[in-house]
Amino acid sequence: MNEAIEVTLSQRRDYQFDIAFAGGAYGFLGDEPAPLGRGEGPGPAQLLVAAVGNCVSDSLLFTLRKFRLDAEPLRPRARGFTARTESGRSQRERTQGEI
């Protein structure tokens with residue numbers, strides 16, 4: 001079964017976007033850190049690391065429960081690392097998890 005995940009982004013100003021999920025269940029402000037934005041919400045890199053960390057944590061929890069292993073509450077940590085390209089642009093280098 002294919003399921004679409006729809007997110008609508010509406011620019012407030014500069015690099016700030018209201019992020020809304022289909023169905024209106026959740027919404028929040030995304031913003032780049034200074035100097036591009038004002039840092040008033042999580043930036044795209046933070047959201048990406050959070051999404052990867054959440055996904056891996058869900059998989060871990062599913063596996064632990066499948067084998068009836070009690071390790072809750074989980075408190076994993078995810079870290080994202082950036083690097084500069086030769087042209088000076090920032091890019092995501094890797095994401096690292098810690099259980």
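Note on numbering: residues in each chain are counted from 1, in written sequence order. Note on the predicted model: pLDDT of at least 70 is required for a residue's local features to be given, and 80 or more for side-chain atom pairs to be given and counted; whole-chain, interface and lining totals, by contrast, use all residues. Computation of side-chain values: all heavy atoms of the structure, hydrogens and water removed.

Caption draft 1: Spotlight on the side chain of Gln16. Only DSSP runs of H or I covering at least 4 residues are called helices, and only runs of E covering at least 2 are called strands; the numbering of each starts at the N terminus. With respect to the helices and strands, Gln16 occurs in strand β2 (residues 16-21). Here the term buried applies to any residue with accessible area under 20% of the maximum for its type, exposed to any over 50%, and partly exposed to those in between, with areas from a 1.4 Å probe on protein chains only. Relative accessible area serves as the criterion here: at 1%, Gln16 is assigned to the buried category. N or O atoms closer than or at 3.5 Å make up a polar contact, with two conditions inside protein: a donor-capable atom paired with an acceptor-capable one, and, for residues adjacent in sequence, both atoms drawn from side chains. Separated by 3.1 Å, the side chains of Gln16 and Asp31 make a polar contact. In this description, contact between two residues means that some pair of their heavy atoms is separated by no more than 4.5 Å. Residues within four places of Gln16 in sequence aside, it is in contact with Ser10, Gln11, Leu29, Gly30, Asp31, Arg38 and Glu40.

Caption draft 2: Fine view of the pattern of salt bridges. Any carboxyl oxygen of Asp or Glu that lies within 4 Å of a side-chain nitrogen of Lys or Arg is treated as forming a salt bridge with it. Per the counting criterion, the structure on display carries six salt bridges. Put simply, Glu98 and Arg79 hold a salt bridge, and the shortest N to O gap is 3.2 Å. Here the residue Glu98 occupies a position in strand β5 (residues 90-98), and Arg79 occupies one in strand β4 (residues 77-84), the gap between them amounting to 19 residues. The network of salt bridges with common partners includes Arg77, Arg79 and Glu98.

Caption draft 3: The arrangement of helix α1 (residues 44-66) in detail. Here the expected span of a helix is defined as 1.5 Å times the quantity of residues minus one. In a regular helix each residue adds 1.5 Å, so 23 residues correspond to 33 Å; α1 covers 33 Å between its end C-alpha atoms and thus fits that length. Those residues of α1 that are buried lie in contact with β4 and β5. Note on α1: the residue one or two positions beyond its end, Arg68, has a positive phi of about 55°.

Caption draft 4: Expanded view of the pairing of β5. Two strands qualify as a pair provided DSSP detects at least 2 bridges between them. Pairing geometry for β4 and β5, over eight bridges, is antiparallel. Bridge pairing in β5 places Thr82 opposite Arg92. Linking β4 to β5, which pair antiparallel, is a turn of five residues; within it Gly88 sits at a positive phi near 90°.

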